[in-house]
Amino acid sequence: MTTVGMHLLRRETPLGGESFGGYLTRMAQKNGYDSAVWLLSAGGIRCKHGVSTNISFCDSAAGLVGLASLLGLDVSELLTLSYPRPTSKDARTDYTFFGHRVQQYVLRPDRPKVCPACLGEAAHSRRIWECSLVTTCPRHGRLLIDHCPGCSRRISWLRGKVCVCGCGYDWREAAPAMPLPDKELALTKYVHQLCGVKTAGEEANWQPPSNPLFTLSLRGLVSAVTFIASQSRGISCSTGRYITSTARNDSLHETFSRAYRVFEDWPVRYHEFLGQHQACAGKGGKLRSGGHPSLGASFGRIYSGLYTTLEAPEFDFMRAGFASYVFTQWTGQTTTPRSPVEHSLPHPGKYITGTETRHLLEVSGYHLAYLIETGQLRVVTPRKKRSRSLNLIEVNDLVSRP
Ligand SMILES: [Zn+2]
Ligand SMILES: [Zn+2]
């Protein structure tokens, strides 16, 4: 369909905080179209599965000229609705959300959610709902819904009215969900605060609870929460992107709330989590490093993730909490038979590799060599030394370091 020079009869500008899909749906409703898909197609934008992802991540002015003309807007005005890519080169998979750099996988414009009470107050779709971490509405203290109570189907953009499902059910009339306790709203409130989205009068002065999560950037918050969530669910991808790709909002809410609790009473709950994780890694037989009780063997992906996925300085508190757990509570026990390497050790004890020691002490290889040379760290070399990585360092030495 070609629509050069064509304008919608009824036009309005986007509202503050309105989502791209929501704005197009509102314009479709105003002009009596079945859904926003018609607008996209008339604007020269190919659209396979509804409004969905493509349009929200479109940051090309040229690609939006036709749509902007149809809607009677400047392209720059329309671009404010999309999630642009950050300018830095190292952010290839990131997008900008309310001015914050954030992982693409946490932005889900293709999985619309709504708060029935918010729609009742103002009939437009909020952009903040498109973040997977936003599972609740802090203003009304309830879960957002992503499935229609009328037809039980997932809410989609294939609808002609902002507040009404394709099945005809008006979400504003949905029975209110159970109110949530404050701690289940905290994550969402923090995202709102970071994004500068006001929820209600009394929330303006909201102070985040004492929890190290609330010192993180939005991107850091997503990384930390999805990292813990993916460990809890035994998902191999430590970035947690698969958690957000298919789950329903209520199940995501449960997953994220559980991850949030790991950061409460810092570091008590985190240490409990590490204790459980250690037990699981042992049982699952995911032992590495020849079966000796190394950190890698005991903690598996959480250990490696702390130095890869979460390598940024803002996660130092997680590494420090991990180190304090290792030094005070780690048993170093494994459930596998003792390996040849372990048999060759002169006496039983807890040992970690040189690489692990460097990570824990945050020192370079040269510094580690210096510590060993000066006798500050004792090294145990198994009789059958197969590789340099089998230089094992006594954990006791690390504990007794000043
Ligand atoms: Zn609400
Ligand atoms: Zn429905």
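What counts, and where the lines are drawn
- Residues numbered from 1 in each chain as written.
- Chains lettered and ligands numbered in written order.
- Predicted model: local features only at pLDDT ≥ 70, side-chain atom pairs only at ≥ 80, totals over all residues.
- Heavy atoms only, no water.
- Helix = DSSP H or I, 4+ residues; strand = E, 2+ residues; numbered from the N terminus.
- Buried < 20%, exposed > 50% of the residue type's maximum accessible area, 1.4 Å probe, protein only.
- Contact = heavy atoms within 4.5 Å.
- Areas by Shrake-Rupley, 256 points an atom, 1.4 Å probe, with all protein chains shown as cover.
- Pairing = 2+ DSSP bridges.
- pLDDT = per-residue confidence, 0-100.
- Donors = N, O, S within 2.8 Å, 3.2 Å for Na, K, Ca; no water.
- Tetrahedral: all angles 85-135°; square planar, octahedral: opposite > 155°, others 65-115°.
- Arc of directions from axis to C-beta.
- Core = buried A, V, L, I, M, F, W, Y, C linked by side-chain atoms within 4.5 Å.
- Phe/Tyr/Trp six-rings, centres within 6.5 Å; stacked < 30°, edge-to-face > 60°.
- Lys NZ or Arg CZ within 6 Å of the ring centre and 35° of its normal.

Chemist: Can you walk me through the overall build of the chain in this structure?
Modeler: Check the secondary structure of the chain and you find 17 helices and 7 strands. Burial status across the chain gives 50% buried among its 402 residues. Across the chain, every contact between residues at least 6 apart in sequence was considered, and the portion connecting residues at least 24 apart equals 63%. Put simply, the chain shows about 19000 Å² of open surface, and 51% of that area lies on carbon and sulfur atoms.

Chemist: Before we go on, may I ask you to explain unusual backbone geometry in this structure?
Modeler: That bond from Trp266 to Pro267 is cis: its omega, -5°, falls within 30 degrees of zero. As for its position among the elements, Pro267 is in the loop between α10 (249-262) and α11 (268-283). At Ser152, a residue that is not glycine, the phi angle is positive and equals roughly 65°.

Chemist: So what exactly am I meant to see when it comes to the pairing of strand β2 (residues 100-103) here?
Modeler: A regular strand places its side chains on the two faces of the sheet in alternate fashion. Relative to β2, strand β1 (residues 94-97) runs antiparallel, the two being bridged by 4 bridges. Its bridge partner being in β2, Asp94 is matched across the sheet by Gln103. The hairpin formed by β1 and β2 contains 2 residues between the paired strands, and Phe98 there has a positive phi angle of roughly 50°.

Chemist: What's the story with the confidence of the model for the chain in this structure? I'm lost.
Modeler: In low-pLDDT regions, the fine details of the predicted coordinates are not to be read closely. Chain-level pLDDT for the chain is 81 on average; 79% of the residues reach the 70-or-more range. Per-residue pLDDT, averaged within each element of the chain, yields its smallest value for helix α14 (residues 340-343) (36) and its largest for helix α6 (residues 116-121) (97). Here residues 333-348 is a poorly scored stretch, pLDDT under 50, and it has 26 contacts once near neighbours within four places are set aside; other chains count. Taken together, the stretch residues 383-389 has pLDDT below 50 and engages in 5 contacts with residues farther than four places along the chain or on a different chain.

Chemist: Hey, could you run me through the coordination of the zinc ion (ligand 1) in this one?
Modeler: Ideal geometry at a metal gives 109.5 degrees between four tetrahedral donors and either 90 or 180 degrees between six octahedral ones. For the zinc ion (ligand 1), the full set of protein donor atoms is Cys115 (SG), Cys118 (SG), Cys137 (SG) and His140 (ND1), at a range of 2.1 to 2.3 Å. Taken together, the 4 donor atoms surrounding the zinc ion (ligand 1) define angles of 104 to 116° at the centre, an arrangement classified as tetrahedral.

Chemist: So what exactly am I meant to see when it comes to the coordination of the zinc ion (ligand 2) here?
Modeler: All of the protein donors around the zinc ion (ligand 2) are Cys148 (SG), Cys151 (SG), Cys165 (SG) and Cys167 (SG); their distances to the metal are 2.3 Å. In this structure, the zinc ion (ligand 2) is coordinated by 4 donor atoms arranged in tetrahedral fashion, with angles at the metal of 105 to 113°. When the donors of the zinc ion (ligand 2) are listed by position in the chain, the intervening gaps give C-x2-C-x13-C-x1-C. You can see Cys151 sitting in the loop between β4 (142-143) and α7 (186-195) and its partner Cys165 sitting in the loop between β4 and α7, a full 14 residues away along the chain. Residue Cys151 is classed as partly exposed on the basis of its relative accessible area of 26%. For Cys165, a relative accessible area of 13% gives the class buried.

Chemist: When you look at helix α15 (residues 354-361) in this model, what are you seeing that I'm missing?
Modeler: For an α-helix, the turn length of 3.6 residues means that residues three or four places apart are oriented alike. All of the buried residues in α15 are Gly354, Glu356, Thr357 and Leu360. Looking straight down α15, one finds that the buried residues subtend no more than 155° of arc, so they occupy a single side. Directly beyond the C-terminal end of α15, a positive phi value near 55° is found at Glu362.

Chemist: Any chance you could explain the nonpolar core here in plain terms?
Modeler: Among soluble globular proteins, nonpolar side chains are generally buried collectively. Judged by nonpolar contacts, the single largest core of 71 residues is most densely connected at Leu213, Phe299, Met318 and Phe322. With 8 residues, helix α8 (residues 218-232) is the largest single contributor of residues to this core. Formed by 21 residues, the second largest nonpolar core is a distinct cluster that contains Ala36, Leu39, Leu64 and Ala68.

Chemist: Please explain the packing of aromatic side chains as it appears in this structure.
Modeler: Each aromatic ring pair is specified by the distance between its two centres and by the angle formed by the two planes. Applying the stated criterion to the full structure yields 15 aromatic pairs. Ring centres 5.7 Å apart and planes at 50° place the aromatic pair Phe57 and Tyr83 in the tilted group. Of the two residues, Phe57 is situated in the loop between α3 (52-56) and α4 (61-71) and Tyr83 in the loop between α5 (75-79) and β1; the sequence distance between them amounts to 26 residues. Of the two residues, Phe57 and Tyr83, both sit in the buried class. Between Tyr303 and Tyr307, the aromatic rings sit 5.7 Å apart at their centres with planes inclined by 70°, giving edge-to-face as the arrangement. For the pair Tyr303 and Tyr307, a shared accessibility class is recorded, and that class is buried. A connected cluster of aromatic rings, assembled from ring pairs, spans Phe57, Tyr83, Tyr95, Phe97 and Phe98. A cation over an aromatic ring shows up here: Arg127 above the ring of Phe98, its NZ or CZ 5.3 Å from the ring centre.

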